[in-house]
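If you want the building blocks of each chain, they are given just below.
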Amino acid sequence: LVEDDLENVWEIGSLASRKNYFRQLRRTNPQEAIDLLATTIQKEKADIRVEFLELLETNLSIVDEQFLLPFLKDRSAYVKETAYDLLAEIQGSALNQSYINHIFEALELVEKDGKKLFKIDKKAIPSDEIFASGIDKVSSERGLQDHVYHFIQMLKYINPSVLAAHYQLDQIELFDLLFAIKKVTIDQLRNIASTFKNKEWAKKILFEQDEYYALDLLRLFTFSEVETFFNDEKMIINLDSFISFFIQQSESNEFTETLSVKIIENLIETNDYLDKSQLQRLGLKLSVSMIDVLDKNIITVDKELIKLQDNINDSDTPTKRREKQSIISKKENLKRKYFEIIKALRIKRQFN
């Protein structure tokens with residue numbers, strides 16, 4: 001949009017233009033965005049009301065509570081559901097506090113055989129207000145009792161620091177005790193760590209759990225912190241997630257030679273989903289000193305491929321042949337990675 005159009009886009013623009021304008025305004029001036037939305041939202045169709053309410057996720061805060069409350073009586077069930085979700089996310093809102101109060105009532109910290117553990121009280125029943133907000137009354141999962149299901153549904157909206165303070169636990173103690181509750185999964189705790197930017201939980205998951213989809217956790221840390229993680233042998237996160245994290249960082253962050261070598265050494269372990277574009281972006285991040293390393297690696301891989309091809313015999317069983325072919329494919333894929341990276345590195349060297 002040209003500047004002259006910005007004054008009129010909210011009144012006469014297309015839905016896409018209006019949403020884009022509102023999205024930008026919400027990022028730069030959250031309160032002005034709310035005031036603007038209040039002037040027109042009741043004139044919109046239900047599905048459009050939902051779309052604009054969902055955009056409030058950006059910079060969502062306690063100041064949005066009063067604006068959202070009237071939508072709990074909206075004629076559309078989808079609008080109500082969206083408003084409830086947003087209010088539940090707002091730390092300090094009445095709805096969020098009702099979730100906290102229920103958890104404090106239901107979740108007991110007890111000691112058994114000298115060890116602390118959490119116990120969820122079956123007699124603690126959520127209020128009608130909580131059930132109205134979208135918390136399901138009955139568990140649909142076999143083996144998951146209703147009272148535990150209520151707790152799990154609400155847990156994702158509660159900042160771990162609130163629970164840690166109430167039960168006088170440190171963050172790691174809290175994590176371990178929650179994870180020990182049956183049906184509380186590492187995926188649920190990962191999402192909480194990401195939502196509330198809990199670096200202690202994130203680091204514990206990255207170092208102690210076989211957590212594959214870790215990009216949302218890695219983003220909680222600085223480039224240099226993640227670089228340190230990469231060099232720590234205790235880290236069990238997969239290399240694909242590390243590479244995806246690194247290549248998404250600003251172009252000013254060039255890898256050190258040590259990190260570049262480490263990545264090249266581990267490329268054979270990465271999955272095949274790193275495509276041509278990702279590999280070239282990775283190459284632009286690496287130290288140009290890796291050109292010589294990669295040239296030597298390609299020569300080595302070519303020699304290995306010749307030996308592997310010569311090692312396939314007519315007398316091999318079908319299983320043995322498949323095993324050998326799998327090794328060859330892996331080596332060929334590694335060579336492909338080397339080629340894409342080295343092309344980017346040569347361009348980088350040329351322009352430098």
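Residues numbered from 1 in each chain as written. Predicted model: local features only at pLDDT ≥ 70, side-chain atom pairs only at ≥ 80, totals over all residues. Heavy atoms only, no water.

Caption draft 1: Geometry of the environment of L220. Examined against the element boundaries, L220 turns out to sit in the loop between helix 14 (215-218) and helix 15 (223-230). Looking at L220, the relative accessible area reads 16%, which means it is buried. Spatially, the C-alpha atoms of L220 and N198 are 7.9 Å apart, while their sequence positions differ by 22 residues. What L220 contacts, discounting residues up to four positions off in sequence, is A193, S194, K197, N198, K199 and A202. (Helix = DSSP H or I, 4+ residues; strand = E, 2+ residues; numbered from the N terminus. Buried < 20%, exposed > 50% of the residue type's maximum accessible area, 1.4 Å probe, protein only. Contact = heavy atoms within 4.5 Å.)

Caption draft 2: Fine view of the layout of surface pockets. In this structure, the largest pocket encloses a volume near 300 Å³. Considering the residues around the largest pocket, the lining is formed by 14 residues, among which E57, E89, Q91, T195 and F196 are closest to the centre. When residues in the lining of the largest pocket are grouped by element, the largest group, three residues, is from helix 12 (residues 186-195). Looking at side-chain class alone, the lining of the largest pocket contains six nonpolar, five polar and three charged residues. (1 Å grid on protein atoms, 1.4 Å probe; cavity = no way out; pocket = protein on both sides within 12 Å on 5 of 7 lines; lining within 4 Å. Points joined across faces, edges and corners; volume = space filled by probe spheres on them. Nonpolar A, V, L, I, M, F, W, Y, C, P; charged D, E, K, R; others polar.)

Caption draft 3: Main features of the packing of aromatic side chains. Counted by the stated rule, this structure contains 12 aromatic pairs. Each ring, one from F104 and one from Y167, has its centre 6.1 Å from the other, and the planes form 85°; the classification is edge-to-face. Here F104 is found in helix 7 (residues 94-106), whereas its partner Y167 is found in the loop between helix 10 (160-166) and helix 11 (171-179), with 63 residues between them in sequence. For F104, a relative accessible area of 23% gives the class partly exposed. (Phe/Tyr/Trp six-rings, centres within 6.5 Å; stacked < 30°, edge-to-face > 60°.)

Caption draft 4: Quick look at the packing of helix 18 (residues 276-285) against helix 20 (residues 318-351). It is the contact of helix 18 with helix 20, at a shortest axis distance of 7 Å, that shows an interaxial angle of 50°. Regarding the angle of helix 18 to helix 20, the classification is oblique. Crossing geometry of helix 18 relative to helix 20 is assigned as right-handed. Counted together, K276, L279, Q280, L282, G283, L284 and K285 of helix 18 and R336, K337, E340, I341, K343, A344, L345 and K348 of helix 20 form the full contact between these two elements. Of the residues contributing to the contact of helix 18 with helix 20, the split by class is six nonpolar, two polar and seven charged. (Axes fitted to C-alpha atoms, helices over the stretch in contact; angles between N-to-C directions. Parallel < 35°, antiparallel > 145°, perpendicular 65-115°, else oblique. Left-handed = near helix turned anticlockwise from the far one by under 90°.)

Caption draft 5: Broad picture of the pairing of strand 1 (residues 107-112). By the bridge criterion, six bridges tie strand 1 to strand 2 (residues 115-120) in an arrangement that is antiparallel. Paired with L107 across the bridge in strand 2 is I120. In this antiparallel pair of consecutive strands, strand 1 and strand 2, the connection spans two residues, and D113 shows a positive phi of 55°. (Pairing = 2+ DSSP bridges.)

Caption draft 6: Molecular detail of helix 15. F223, V226, E227, F229 and F230 are the residues of helix 15 that are buried. Projected down its long axis, helix 15 carries its buried residues within an arc of 155°, all on one side. Where helix 15 is buried, its residues touch helix 13 (199-208), helix 14, helix 16 (239-247) and helix 17 (257-266). (Arc of directions from axis to C-beta.)

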